[in-house]
Amino acid sequence: MITNKKPRSSDTDSNYMRDDRTEMSEDDDRSPPSDSIANGSCPTRTCTPGSGSGSGSGSSSIPEYSAPYPDRVLENVLENVLWFLTSRKDRNAASLVCRSWYRVEAMTRSDLFIGNCYAVSPERATSRFTRVRSVTLKGKPRFADFNLMPPNWGAHFAPWVSATAKAYPWLEKIHLKRMSVTDDDLALLAESFSGFKELVLVCCDGFGTSGLAAVASKCRQLKVLDLIESEVSDDEVDWIMCFPDTETCLESLIFDCVECLVDFDALERLVVRSPSLKKLRLNRFVSIGQLYRLMVRAPQLTHLGTGSFSPSEDVAQGELELDYVSAFAACKSLVCLSGFREIVPDCLPAIYPICANLTSLNFSYANISAEQLKPIISNCHKLQTFWVLDSICDEGLQAVATTCKELRELRVFPFDPREDIEGPVSEVGLQAISEGCRKLQSILYFCQRMTNAAVIAMSKNCPDLVVFRLCIMGRQRPDHVTGEPMDEGFGAIVMNCKKLTRLAVSGLLTDTAFAYIGKYGKIVRTLSVAFAGDSDMGLKYVLEGCPRLQKLEIRDSPFGDTALLSGLHHYYNMRFLWMSACRLSHQGCQQIAQALPHLVVEVIKHEDTVHTDDYADTLYMYRSLAGRRHDVPKFVSIL
Amino acid sequence: MSSIPKEHDYIGLSEAPSMEKISDKLSSSSSTLSTEENINSKSSSTSLNLKETELRLGLPGSQSPERKLILPAAGVSLFGKDIDTNSTNGYPLGPLKNLVSGVKRGFSDAIVGSSGKWVFSGSNGSEKSCVAGPAKKDDVAQSPKPVLEKNSQVAAANENSSAPAAKAQVVGWPPIRSFRKNTMASSLVKNNEDVEGKSGYGCLYVKVSMDGAPYLRKVDLKTYNNYLDLSSALEKMFSCFTIGQCGSHGLRGQDGLTESRLKDILHGSEYVLTYEDKDGDWMLVGDVPWDMFTDSCRRLRIMKGSEAIGLAPRAMEKCKNRN
């Protein structure tokens, strides 16, 4: 059942793929890159136009073998047609047809997506694709978010910004995820791209408000400045004040993760002179009274992040008397609400007027109880995305299940992320959600206790599930009612949810769970494993059974070299494999490196550990056309 | 499902016997693996003793035996530490260190520091590790010296700021991003102190400001060995600023100073390098031994010479007092 995919001789297709959807975590399932652009793929098969369209007799009489002159008419036609292709899967397919199509596709690709910034060098990317207007880059693997990666590992934006600055002076959009970005990089960006429109930084770090100031002041066409869960250092520069004094093009300004004060008056003036502003997400330094003032200025907002949602310390009285209800009522277009960073629950009723319109509500920083939630949620009939803290308890989730029939995505975060506490949400809440929210597609659920029964129920009640991430916070906790491992629950998920592409497992899991995943998880692309499994077989089941697996991240599980080697047939089809605190030896990793030359095999060392044996601390490997990277820190060895 | 392959064995290791039980289970389709078989398969397949974590009515226990047996490095988690204060296995933890909680996406332990600095003395880390009961919310109070990774520049709370009740804490678990952890912490404590000199285990970031420059930079003092290194680095860093005429983002100021000019200025009387020490006093850089300087320096400032008069004597006094 496992087809051994032969490496297709295409140049870096897999690295450039991007799905139609804008969701950043989409994967591709293309074949591995091989360095055979001119050599392998279509050596002599230049494009004689089969359709005959546009190929005048003149060109056909010239032998094409030397062909530095492609059929111009055909290429023009192709160009016009290929401009319309947006899906990167389609584009990669088109680029494989023949050399001519390859060339034209490269010329017409405007959105460059690089799922792993080390999979290809900036020079190579910019030389192939010449007319790019938007660049998306992803850097560090996801486990870096949880302190499992040493600092200074890499994923530097710098080489990319300098390459693109030279190659694409007309660049409009840059979208980065988990990259290290410096203020200098941002300054260079601001200097180099005169028509720059959109900057989105997700989970990035390394820069501060001075970099933002550079962007704000120089990018006069800026429409979007979105900082999402990034670390922004306080350089004591008021970047809000750096926006030009004239009317701006701003449509989206998201800075809820910026942990420093902004000058409110400057912000208010900015909002006033940004008539196109639709999305505004404030940081926690904006009080509710200030929020009021902004809302009054910008009733056209569709997405609002409410900042602290509590009165500021000094102006308490005046703030509490403002008519928040009217302010919210005036925002008739508001569909997405978030913030509530330091919520005073008494202020909550202010949002009643817009509940019925909301499609997305993020309460995940709001420590509210079920009682406080109910009046709100009972009006949110259209809600599709809901992020919340477990402070609402199972009871709160039941309320959600009762009303939110359109719910597509639910995330329940722990207020107190420790392992051994009682925990306010459990299988009861999960069961309720599964019964009430039948259209659920994506769930992230943190809890302290769970049962197989509830997970099985969800697998049956919610057949549309695409993403199932259950985090039982106590490591290796079994089903708390039966005492059994959680194998059956997760097995049911992969068995019954036919659309499932992303899975994160937890709790006590034996190799059986992985056998289920390997057997039924045929379209799973992303799998996260922690503290699970018994033996190498667990990993083998997955590597042998899941042909679409793209991203595999494993920590603290007893998988060793045998298991690792069982995936040789598949690693070129993956974006990356992460294994930390497993049982991999350096030899095992070395074998992989030798067997697969286009794989970069990084062994990341924890310097401080006393290595009593030869186990590798962390293995992070990924396919790449660029070979070893040049910015390897000391604690990383590339085999 | 294909039969369990035994021959996928590139390096000649034999398969664990337990897998046959599993494959039987599978081929007979969904029958629940009994607990007993779980135990058997587990204990036969590896030397893992997971019995302690199974079939418990209560919590799985205070130690994390499975972690120790998995990890080669003496039970120490990969980039973090287990606090195994209640270990009954007697398994030596190797370099038994307190949990060093990293901050943000930083990695707390990839640090080279003298062993003396490892102890989490007095900070919430060590206190927490000894607390067995339910921790209060104040456990997330920021340590005055949050551990920083080299790239991070923002003051933030400890990574694993939640208290380890009875069980040993593990880095990166549960998988909550630092921003969220820090946010919940700060919303509990409402503690927004800005730590000027963020000293970490091997990282010592301090802000460097220059009078007249548009924005601050940050340097990690640990990357320098002496004053010479530091001052040349600073010269390079600030050479792009035109003194007295800084555009908003004068990174590549057109009238930028050359390095040598800045150096002249720094060595001349126009600008001096000063620092703010632990006590909040501003001192001249260079008066005390380098190590003492890195210990006490919280912040650097390239100050106009005229303002720096009178700093020198204080520095010498302090030096004497300390010694």
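Analysis parameters
- Residues numbered from 1 in each chain as written.
- Chains lettered and ligands numbered in written order.
- Predicted model: local features only at pLDDT ≥ 70, side-chain atom pairs only at ≥ 80, totals over all residues.
- Heavy atoms only, no water.
- UniProt positions renumbered as here; feature names shortened; annotations may be inferred.
- Helix = DSSP H or I, 4+ residues; strand = E, 2+ residues; numbered from the N terminus.
- Contact = heavy atoms within 4.5 Å.
- Areas by Shrake-Rupley, 256 points an atom, 1.4 Å probe, with all protein chains shown as cover.
- pLDDT = per-residue confidence, 0-100.
- Salt bridge = Lys/Arg side-chain N within 4 Å of Asp/Glu carboxyl O.
- Buried < 20%, exposed > 50% of the residue type's maximum accessible area, 1.4 Å probe, protein only.
- Phe/Tyr/Trp six-rings, centres within 6.5 Å; stacked < 30°, edge-to-face > 60°.
- Expected span 1.5 Å × (residues − 1).
- Polar contact = N/O pair within 3.5 Å; in protein donor to acceptor, adjacent residues only side chain to side chain.
- Core = buried A, V, L, I, M, F, W, Y, C linked by side-chain atoms within 4.5 Å.
- Pairing = 2+ DSSP bridges.
- Disulfide = S-S within 2.5 Å.
- Axes fitted to C-alpha atoms, helices over the stretch in contact; angles between N-to-C directions.
- Parallel < 35°, antiparallel > 145°, perpendicular 65-115°, else oblique.
- Nonpolar A, V, L, I, M, F, W, Y, C, P; charged D, E, K, R; others polar.
- Left-handed = near helix turned anticlockwise from the far one by under 90°.

Looking at an unreviewed UniProt entry, one finds chain B named Auxin-responsive protein, with Salix koriyanagi as its source organism. As stated in UniProt under Subcellular location (unreviewed entry), the record for chain B gives "Nucleus". Under the UniProt heading Sequence similarities (unreviewed entry), the entry covering chain B gives this text: "Belongs to the Aux/IAA family."

Labelled according to an unreviewed UniProt entry, chain A appears under the name f-box/tpr repeat protein POF3, originating from Salix koriyanagi. The annotation that UniProt attaches to chain A under Subcellular location (unreviewed entry) is "Nucleus".

**Comments concerning the overall build of chain A**
Tallying secondary structure elements over chain A gives 23 helices and 23 strands in all. Relative to all contacts within chain A whose residues are 6 or more apart in sequence, the contacts with residues 24 or more apart total 72%. Here chain A has roughly 21,200 Å² of accessible surface; of this, 53% comes from carbon and sulfur atoms.

**Focus: the confidence of the model for chain B**
Residue and element names in this part refer to chain B. Mean pLDDT for chain B: 53, with 26% of residues reaching 70 or above. For the stretch residues 1–166, pLDDT sits under 50, and the model shows 432 contacts to residues farther than four places along the chain or on other chains. Interface confidence for the predicted complex, expressed as ipTM, amounts to 0.81; the pTM equals 0.67.

**Examining the pattern of salt bridges**
Residues and elements named next belong to chain A. Across all of its chains, the model carries 33 salt bridges over all chains by this definition. Notably, a salt bridge pairs aspartate 145 with arginine 178, separated by 2.8 Å at the nearest N-O pair. Here arginine 178 lies in the loop between β3 (173–177) and α8 (183–192) and aspartate 145 lies in the loop between β2 (134–138) and α7 (158–167), a separation of 33 residues in the sequence. Of the two residues examined, aspartate 145 and arginine 178, each falls in the buried class. Here lysine 374 makes a salt bridge to glutamate 395, at a shortest N to O gap of 2.6 Å. Of this pair, lysine 374 sits in helix α15 (residues 370–377) while glutamate 395 sits in helix α16 (residues 393–403); the two residues are 21 residues apart in sequence, bridging distant segments of the chain. Among the residues examined, lysine 374 registers a relative accessible area of 27% and is labelled partly exposed. Accessibility expressed as a relative area gives 36% for glutamate 395, which makes it partly exposed. One connected set of salt bridges, linked through shared partners, spans Arg91, Glu105, Arg109 and Arg128.

**Brief notes about the packing of aromatic side chains**
Residue and element names in this part refer to chain A. Within the structure shown, the criterion is met by 28 aromatic pairs over all chains. Ring geometry for tyrosine 168 and tryptophan 170: centres 6.3 Å apart, planes at 50 degrees, overall tilted. Ring centres of phenylalanine 514 and phenylalanine 559 lie 5.6 Å apart, and the angle between their planes is 90 degrees; on these two criteria the pair is classed as edge-to-face. Placement of the pair is phenylalanine 514 in helix α20 (residues 511–520) and phenylalanine 559 in the loop between β19 (551–555) and α22 (561–565), with a sequence separation of 45 residues.

**What to know about helix α6 (residues 227–238) of chain B**
Residues and elements named next belong to chain B. Taking 1.5 Å of rise per residue, 12 residues should cover 16 Å, and α6 covers 16 Å from first to last C-alpha, within 8% of that figure. For α6, the set of buried residues is Tyr227, Leu230, Ser231, Ala233, Leu234, Glu235, Met237 and Phe238. At the N-terminal boundary of α6, the capping side chain belongs to asparagine 226, with an oxygen 3.1 Å from the backbone nitrogen of leucine 228.

**Side note on the side chain of serine 528 of chain A**
Mapped onto the elements, serine 528 of chain A comes out in strand β18 (residues 526–530). Within the local environment of serine 528 of chain A, its side chain forms a polar contact with the side chain of glutamate 553 of chain A, the two groups lying 2.3 Å apart.

**Focus on the nonpolar core**
Ranked by size, the top nonpolar core spans 205 residues in total, and within it Leu253 and Phe363 of chain A carry the most contacts. For phenylalanine 363 of chain A, the contacting residues outside a window of four places in its chain are Phe340, Leu348, Ile351, Ile368, Leu373, Ile376, Phe386, Trp387, Val388 and Leu389 of chain A. In this structure, Val208, Tyr227, Leu273 and Phe293 of chain B belong to the second largest nonpolar core, which totals 25 residues.

**Observations regarding the environment of glutamate 435 of chain A**
Counting through the fold element by element, glutamate 435 of chain A comes out in helix α17 (residues 427–436). Considering only alpha carbons, one finds glutamate 435 of chain A and cysteine 462 of chain A, 27 residues apart in sequence, at a separation of 8.2 Å.

**A closer look at unusual backbone geometry**
Here the residue pair tryptophan 173 of chain B and proline 174 of chain B is connected by a cis peptide bond, since its omega of -5 degrees sits within 30 degrees of zero. With respect to the helices and strands, the residue proline 174 of chain B is situated in the loop between α4 (124–130) and α5 (178–189). With phi around 65 degrees, asparagine 152 of chain A is a residue other than glycine that occupies positive phi space. The topology assignment puts asparagine 152 of chain A in the loop between β2 and α7. Look at glutamine 476 of chain A: it is not a glycine, yet its phi comes out positive at around 60 degrees.

**Quick look at the pairing of strand β20 (residues 576–580) of chain A**
Regular strands place side chains that alternate from one sheet face to the opposite one. All names here are of chain A. Counted residue by residue, β20 has 5 buried out of 5 residues, so it is predominantly covered. Burial along β20 is two-sided: Phe576, Trp578 and Ser580 facing one way and Leu577 and Met579 facing the other are all buried. As paired elements, β19 and β20 share 5 bridges and run parallel to each other. Its bridge partner lying in β20, lysine 551 is registered against phenylalanine 576.

**Topic: the state of the cysteines**
Note: disulfide means a covalent bond formed between the sulfur atoms of two cysteine side chains. Residue and element names in this part refer to chain A. Evaluation of the coordinates by the stated rule reveals 0 disulfides over all chains. We note that cysteine 380 lacks a disulfide partner, and the nearest cysteine sulfur, in cysteine 355, lies 4.1 Å from it. On the accessibility criterion, cysteine 380 (0% relative accessible area) is buried. Free cysteine: cysteine 462, not disulfide-bonded; nearest cysteine sulfur from cysteine 437 at 7.3 Å. Using a relative accessible area of 0% as the deciding quantity, one classes cysteine 462 as buried.

**A look at the pairing of strand β21 (residues 599–604) of chain A**
Residues and elements named next belong to chain A. The buried count for β21 comes to 6 of 6 residues, which makes it a mostly enclosed element. Neither face of β21 is left uncovered, since the one carrying Leu599, Val601 and Val603 and the one carrying Val600, Glu602 and Ile604 both have all their residues buried. Strand direction decides the pairing type here: β21 and strand β22 (residues 618–623), joined by 6 bridges, are antiparallel. By the bridge assignment for β22, isoleucine 604 is matched with threonine 618. As judged from the 3 bridges shared by β21 and strand β23 (residues 636–638), these two strands associate in the antiparallel manner.

**Description of the packing of α16 of chain A against α17 of chain A**
Residues and elements named next belong to chain A. Where α16 contacts α17, the two axes come as close as 8 Å, and the packing angle between them is 0 degrees. In terms of orientation, α16 lies roughly parallel with respect to α17. Between α16 and α17, the contacting residues are Asp394, Leu397, Gln398, Val400 and Ala401 on the first element and Val428, Gly429, Ala432, Ile433 and Gly436 on the second. Considered class by class, the residues forming the contact of α16 with α17 number 6 nonpolar, 3 polar and 1 charged.

**Describing the confidence of the model for chain A**
Mean pLDDT over chain A works out to 87, with 87% of the residues at or above the 70 mark. Note on residues 1–15 of chain A: pLDDT under 50 across the span, and 52 contacts to partners over four residues away in sequence or across chains.

**What to know about the packing of helix α3 (residues 72–82) of chain A against helix α5 (residues 99–108) of chain A**
All names here are of chain A. Two elements in contact, α3 and α5, have axes separated by 9 Å at closest approach and are oriented at 45 degrees. The pairing of α3 with α5 is recorded here as oblique in orientation. α3 and α5 meet at a crossing whose hand is right-handed. For the pair formed by α3 and α5, the contact residues are Leu74, Glu75, Leu78, Glu79 and Leu82 on the first element and Ser100, Trp101, Arg103, Val104, Glu105, Met107 and Thr108 on the second. Each residue belonging to the contact of α3 with α5 can be placed in one class, and the counts come to 6 nonpolar, 2 polar and 4 charged.

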